[in-house]
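# An overview of the molecular structure
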Amino acid sequence: MSTIVLKGIQKNYGAVQVIKGIDLSIDDREFCVFVGPSGCGKSTLLRMIAGLEEITAGDLMIDGQRINDVPPSERGLAMVFQSYALYPHMSVADNMGFSLRLAGVPKEERRAKVAEAARILHLDNLLDRKPKELSGGQRQRVAIGRAIVRKPKVFLFDEPLSNLDASLRVQMRIELARLHDELAATMIYVTHDQIEAMTMADKIVVLQSGIVEQAGTPLELYHHPRNQFVAGFIGSPKMNFLPAKVTAVTDTATTIALPSGASLDIPVRAGGQKVGYAVTLGVRPEHMRLAGEGELLGEVMVVERLGGETFLYTQLNDGTMLIVQADGEIPTGVHERISIKLDPAACHLFDGEGLAIERMERHPLANLRRLPTRKAS
Amino acid sequence: MASTTTAAPVPGTSTTVGGRSQRNVKTLPLVAPSVVILFLWMIVPLAMTLWFSFQYYNLLDPTVGGFAGFENYTFLLTDPSLWTAMINTIFLVFWVLVITVGLGTLLAVLFDQDFYGRSIARLLAIAPFFVMPTVSALVWKNMLMHPVNGLFAFFTRSLGLPAIDFFGSFPLTSVIIIVAWQWLPFALLILLTAIQSLDSEQKEAARMDGAGPFSMFFFIILPHLGRAISVVIMIETIFLLSVFAEIYVTTSGGPGLASTNLAFLIYLRALREYDVGGASAAGVIAVILANIVAVFLVRSIAKNIAD
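Residues numbered from 1 in each chain as written. Chains lettered and ligands numbered in written order. Predicted model: local features only at pLDDT ≥ 70, side-chain atom pairs only at ≥ 80, totals over all residues.

Turning our attention to the overall build of chain B. A count of helical and extended segments in chain B gives 13 helices and zero strands. In sequence order, the secondary structure elements of chain B are arranged as α-α-α-α-α-α-α-α-α-α-α-α-α. Along the three orthogonal principal directions, the C-alpha set of chain B runs to about 95 × 70 × 30 Å. Within chain B, contacts between residues at least 6 apart in sequence are counted, and of these 69% link residues at least 24 apart. (Helix = DSSP H or I, 4+ residues; strand = E, 2+ residues; numbered from the N terminus. Contact = placed C-beta atoms within 7 Å.)

Residue and element names in this part refer to chain B. In the contact formed by helix α3 (residues 80-112) and helix α10 (residues 213-240), the axes pass within 10 Å of each other and the chain directions differ by 140°. Regarding the angle of α3 to α10, the classification is oblique. Crossing hand, α3 versus α10: right-handed. Here L92, V93, V96, L97, T100, V101, T105 and V109 of α3 lie close against α10, whose contacting residues are F217, I221, L225, I229, V232, I233, E236, T237 and L240. Within the contact of α3 with α10, the residues separate by chemical class into 13 nonpolar, three polar and one charged. (Axes fitted to C-alpha atoms, helices over the stretch in contact; angles between N-to-C directions. Parallel < 35°, antiparallel > 145°, perpendicular 65-115°, else oblique. Left-handed = near helix turned anticlockwise from the far one by under 90°. Nonpolar A, V, L, I, M, F, W, Y, C, P; charged D, E, K, R; others polar.)

Inspection of the sheet shows strand β11 (residues 240-249) of chain A paired to strand β14 (residues 278-283) of chain A by six bridges, in the antiparallel sense. Across the sheet, residue A244(A) finds its bridge partner in β14(A), namely V279(A). (Pairing = 2+ DSSP bridges.)

What follows is about unusual backbone geometry. All names here are of chain A. A cis amide bond links S236 with the next residue in sequence, P237, at an omega value of -5°. Inspection of the secondary structure puts P237 in the loop between α8 (228-233) and β11. In this model, H122 sits at a positive phi of 60°, which is unusual for a non-glycine residue. Positionally, H122 belongs in the loop between α3 (107-121) and α4 (136-148).

Here we come to the interface of chain B and chain A. Across the contact, 21 residues belong to chain B and 25 residues belong to chain A. Those elements giving two or more residues to the side of chain B that touches chain A turn out to be α9 (200-208) and α10 of chain B. Class assignment of the residues belonging to the side of chain B that touches chain A gives a composition of ten nonpolar, six polar and five charged.

Moving on: the nonpolar core. Judged by nonpolar contacts, the single largest core of 165 residues is most densely connected at V33(A), L156(A), I188(A), V179(B), L191(B) and A282(B). The element that contributes the greatest number of residues to this core is helix α8 (residues 171-196) of chain B, accounting for 14 residues. (Core = buried A, V, L, I, M, F, W, Y, C linked by C-beta atoms within 7 Å. Buried ≥ 20, exposed ≤ 12 C-beta atoms within 10 Å, placed from the backbone.)

Residues and elements named next belong to chain A. Read from one edge of the open sheet, five strands run β15-β19-β16-β17-β18, paired in antiparallel fashion. Because the sheet does not close on itself, it has two edges, and the strands there are β15 (288-290) and β18 (321-327). Each strand axis lies, on average, 45° off the axis of its neighbour in the sheet, ignoring direction. Where strand β16 (residues 296-305) and strand β19 (residues 337-342) come together, four bridges link them in antiparallel fashion. Looking across to β19, one finds that E299 is bridged to R337.

Function-wise, these values are silent; they only describe arrangement.
And the structure:
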């Protein structure tokens, strides 16, 4: 139950800089998710917070205290590893009570704390088992239980769900959200899966090659991505990017022309953009619809029917590929020609350097927070 | 909230057992030739040894011969030298195991650390295993433990102390030291690979849980090594029961019988006294002894490995 502040955190491996100066603050009881492609440094950053990797430069503060040089076990953190890292020769109860045993907690107290954690995680009847006798989801919960018994200030999760199958992952996601609410603890969670990030986070931190691309609430990142990378990373399927040219600038909108010749009024503040500048139009698959007189024409190459919705992988006349989300009921087949209408209000514009051009209006839910509503018992 | 109890899959023991027995039936004709050859390989010498052990058979005296009944055995079992040899054998095996496994574990932890020149240090630590027993015994006898020329004697003399006559005063201990020196690399090699297979996240989890170097060793590394240690003990025991060259080269079993083990006693009986009958009887006793040890060992280790 505490705040974490990172000030100019850097990490070098020899001459290679993997974390290039990160400033970040994580509030009390916040569920913060580090997300990014593999190799972006998110796990390294988490391990630096945990104390498993040394910090090359910068300050790491918990509750206002600099803890760069405090050993991992004294930082008041608990970590759940990707492989769970359970001790195979110990029973579930011993696994969960190991840190207390090392800390010299009396046996009775230890048992009470383990039982309490087991109750929260519904592990009561598995306490005598060895890890190898448990299913993946149960091992996962033991690993979380091992973290809970330490009553840490901050929970750290390193891709904890990536070894589970899809349905179990959804279930554990809900479980974790419930736990976060019940324990009212600060949590930092690392994942490469943007759906996990969107569903669980209070704050998402998008990382790429050692720098923070953007940090904000899930809907802020969805509706107001700061650059093309964040826009492409958040949302599934990916946002479509189309080259365009600015043709007119007014106080309420910027008009662009697409290669197909169609013209669109996008409600963004043009800022430095002038007529004739090359920009990139970003539009999510869910913000397009099939219509008779659309701006874009193309041929459907692949159809993915999920039942509720259908994704059409469409090749436009100029050759670019576009993913369109359509209703699950449409009968469109492969190689059919379709006409696509865009929703200008949901479109994004990026300048020549890939930075987003600011929108006229902020999305009403962009600052929505999902903090725990009740205190820990 | 979603239901949080997921059914644990019961480890499928029944399927594997069924599958294995089924496979045995199908592959029996295929493995039969090698089983038959191995069986003959084992049974012919054993049968001959058994046969000789019930015969009067001395190479120096061709006149005696014929069926001896249990006389070779009674002669041996009432001979105090057999008991001395047995005790020496057990002593030797036990202490070499203690030294190699104990030191081997510590060295394995050491060589698992990252330090400059680690690969060369590892190579040097493993080198004694490549030296043949006769040679290493000779090196120890003439260059290290020799009371006049030996390195140890040089050290003690330069400290103003009298030189120790290792093979005269502590014959069995000296043999144990030599054999342990030879087998330490083996234990180190197996235990080092076992340590390297320890999941690094497990060590990190233990660090987060507050484990210092000692708790890390006793709670994480040592349990992880349990299986490898059983393997080392089993393999070493098999070879240590038959240590011969080191004794032959250094002490010749002496002074008296102080460093005579079973293998050396059989040699003394068979080749020094040319008593094939008596030596065969001692051999049979050694086989029985080895089997008793093997049954216990294989049982406990199989249980350990099946875990």
